[in-house]
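Structural characterization, general
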Amino acid sequence: MPLSKGRLPGLRVKYVLLVWLGIFVGSWMVYAHYSSYSELCRGHICQVVICDQYRKGIISGSVCQDLCELQKVEWRTCLSSAPGQQVYSGLWQDKEVTIKCGIEEALNSKDWPDVVLRRELVLFDKPTRGTSIKEFREMILSFLKANLGDLPSLPALVDQILLMADFNKDSRVSLAEAKSVWALLQRNEFLLLLSLQEKEHASRLLGYCGDLYLTEGTPYAWHGAVLLPALRPLLPSVLHRALQQWFGPAWPWRAKIAIGLLEFVEELFHGSYGTFYMCETTLANVGYTATYDFKMADLQQVAPEATVRRFLQGRHCEQSSDCIYGRDCRAPCDRLMRQCKGDLIQPNLAKVCELLRDYLLPGAPADLREELGKQLRTCTTLSGLASQVEAHHSLVLSHLKTLLWREISNTKYS
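1. With respect to the overall build of the protein chain
When its secondary structure is counted, the protein chain shows 14 helices and 14 strands. Looking at the protein chain as a whole, 46% of its 414 residues are labelled buried. Residue pairs in contact within the protein chain that sit at least 24 positions apart in sequence constitute 65% of those at least 6 positions apart. Of the roughly 21,400 Å² of accessible surface on the protein chain, 56% is carried by carbon and sulfur atoms.

Encoded structure:
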């Protein structure tokens, strides 16, 4: 008994140290989270700037009145990952929506008047007064050719864009309507939304005001938002993957999501408006609905083939690592000419299969795991110029979809 009493002061010191350490770490996490939030989440600035331009008659759009006069657009959770790209969940017309708006990255309250002026002079500078609808149509067509390629389907897309610009259906496109649509087209994701609007795995555009736009509600994060972003770099990758498995959907649901992702890869390959490349293939960019149907959460890092080629082809390089668009769209370097080539080394499917290997193999049924692993290994080794692997690409993709669908078909998961 005297021995245990003698140990009590030491135990108390340890407990005090542990409590103090817990308070310190907790305080640091709260501070880091608040600092990150205040830096990334500036939706109020976005609304002030947009509505200022709307009231001046510079811009217009289908949600301007609800956003700026009637206060019927409700901003909810901040989902921004970069200060210049504001993303919020919200509510509009009794529908869950995602609100997206671009702002200057280095902002504080005293900068606001300058920001408004810069947006008026730069972002909404075209078309100018006196531009005819015929000239505006040619502007849009030239822009689409430069970014999507010279495709026979583009005139039909131009017609859809002009119909969207005339949101009030008065059979004319005002200068404010034209400026708003032109500014929206400069946003990569908006251009992708238009190009993939007929595809079931891309979010549907609901409305816009200037270059602020609304899409259907935010899908659930596929990677499982179980950790504060500030903590993720501190954890070993093995533990992070384990947490994703523990907190993620059951394996059959993951299989259903994976089938949707594979279908999205098909949609990007030789669609109505050309081919598109996934240039940042991470779990953070994909999501799923309440019924576990795959939905691409973020199209920012999906790029048209024409845009990638224009960026890479002829670019000076010393090695292949100099020929990268985005994070992982890589082209070979011609070391003799010291120029990048335009064709990519790795197709979308190979990059997606690298994600699926970590996401699907853990927890897969025992009788499926070996064959699934074999198919995914074959898929990840797809290489060579993307334009030269079409037949093999389609065959591998079809085998993977069939394998997964066979496992979940005729069950509640299908």
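Additional details are given in the paragraphs that follow.
2. Some thoughts on the state of the cysteines
Scanning all chains against the criterion turns up 8 disulfides. Residue pairing for Cys41: its cysteine sulfur links by disulfide to Cys78, the two sulfurs lying 2.0 Å apart. Its torsion about the S-S bond being -85°, the disulfide of Cys41 and Cys78 is classed as left-handed. Of this pair, Cys41 sits in the loop between α1 (2–40) and α2 (43–55) while Cys78 sits in strand β1 (residues 74–78), and the two are 37 residues apart along the sequence. With respect to class, Cys41 is no different from Cys78; both count as buried. With a sulfur-sulfur separation of 2.1 Å, Cys323 is cross-linked through a disulfide to Cys340. One disulfide, between Cys323 and Cys340, carries an S-S torsion of -85° and so falls in the left-handed class. Note that Cys323 is positioned in the loop between α11 (305–312) and β11 (324–325) and Cys340 in strand β14 (residues 339–340), a separation of 17 residues in sequence. Accessibility classification places Cys323 together with Cys340 in one group, the buried group.

3. What to know about helix α5 (residues 133–148)
In this model α5 runs 22 Å from its N-terminal to its C-terminal C-alpha over 16 residues, within 8% of the 22 Å that 1.5 Å per residue would give. Among all positions in α5, only Phe136, Ile140, Leu141, Phe143, Leu144, Asn147 and Leu148 are buried. Looking straight down α5, one finds that the buried residues subtend no more than 160° of arc, so they occupy a single side. For α5, the elements touching its buried residues are α6 (154–165), α7 (175–185), α8 (188–195), β7 (276–278), β10 (302–304) and α11. After α5 finishes, the residue Gly149 shows a positive phi value of roughly 105°.

4. Things to note about the pairing of strand β2 (residues 85–92)
Burial runs high along β2: 7 of the 8 residues are buried. By the bridge criterion, 3 bridges tie β1 to β2 in an arrangement that is antiparallel. Note that in β2 the partner of Glu74 across the bridge is Leu91. Two successive antiparallel strands, β1 and β2, enclose a turn made up of 6 residues. By the bridge criterion, 8 bridges tie β2 to strand β3 (residues 95–102) in an arrangement that is antiparallel. Paired with Gln86 across the two strands is Cys101, which belongs to β3. The turn joining β2 and β3, which pair antiparallel and follow one another in sequence, is formed by 2 residues; a positive phi near 50° is taken by Gln93.

5. Points about the confidence of the model for the protein chain
On average, the protein chain scores 82 in pLDDT, and the residues at 70 or more come to 77%. The secondary-structure element of the protein chain with the lowest mean pLDDT is helix α4 (residues 112–123), recorded at 47, while helix α3 (residues 64–68) shows the highest, at 97. In this model residues 30–36 is a low-confidence stretch, pLDDT under 50, and it forms 2 contacts with partners more than four residues away in sequence or in other chains. Segment residues 224–230: pLDDT under 50, and 10 contacts once partners within four positions in sequence are set aside and those in other chains are kept.

6. Details of the sheet that holds strand β8 (residues 286–288)
Read from one edge of the open sheet, 3 strands run β6-β8-β9, paired in antiparallel fashion. Across the chains shown, the open sheet's two edge strands, defined by having one partner strand only, are β6 (220–221) and β9 (294–296). By the bridge criterion, 2 bridges tie β6 to β8 in an arrangement that is antiparallel. When the bridges of β8 are listed, Ala221 appears paired with Gly287. The strands touched by helix α10 (residues 251–268) within the sheet are β8 and β9, with β9 carrying the most contacts at an inclination of about 45°.

7. Notes on the pattern of salt bridges
Under the definition given, this model contains 15 salt bridges. Here Asp211 makes a salt bridge to Arg187, at a shortest N to O gap of 3.7 Å. With Asp211 in the loop between β4 (205–209) and β5 (212–216) and Arg187 in the loop between α7 and α8, this pair connects stretches of sequence that are 24 residues apart. Where salt bridges share partners, they join Glu74, Arg76 and Glu96 into one cluster.

8. Describing the nonpolar core
With 65 residues, the main nonpolar core has Ile140, Leu144, Leu185, Leu299, Leu349, Leu372 and Leu404 as its most contacted residues. For this core, the leading source of residues is α10, giving 10 residues. Formed by 27 residues, the second largest nonpolar core is a distinct cluster that contains Leu40, Ile99, Cys101 and Leu206.

9. Comments concerning the side chain of Thr307
Mapped onto the elements, Thr307 comes out in helix α11. Judged by relative accessible area, Thr307 falls into the buried class, the value being 12%. With residues up to four places along the chain from it excluded, the contact list for Thr307 reads Asn147 and Tyr325.

Reading guide: rules and limits
- Residues numbered from 1 in each chain as written.
- Predicted model: local features only at pLDDT ≥ 70, side-chain atom pairs only at ≥ 80, totals over all residues.
- Heavy atoms only, no water.
- Helix = DSSP H or I, 4+ residues; strand = E, 2+ residues; numbered from the N terminus.
- Buried < 20%, exposed > 50% of the residue type's maximum accessible area, 1.4 Å probe, protein only.
- Contact = heavy atoms within 4.5 Å.
- Areas by Shrake-Rupley, 256 points an atom, 1.4 Å probe, with all protein chains shown as cover.
- Disulfide = S-S within 2.5 Å.
- Expected span 1.5 Å × (residues − 1).
- Arc of directions from axis to C-beta.
- Pairing = 2+ DSSP bridges.
- pLDDT = per-residue confidence, 0-100.
- Axes fitted to C-alpha atoms, helices over the stretch in contact; angles between N-to-C directions.
- Salt bridge = Lys/Arg side-chain N within 4 Å of Asp/Glu carboxyl O.
- Core = buried A, V, L, I, M, F, W, Y, C linked by side-chain atoms within 4.5 Å.

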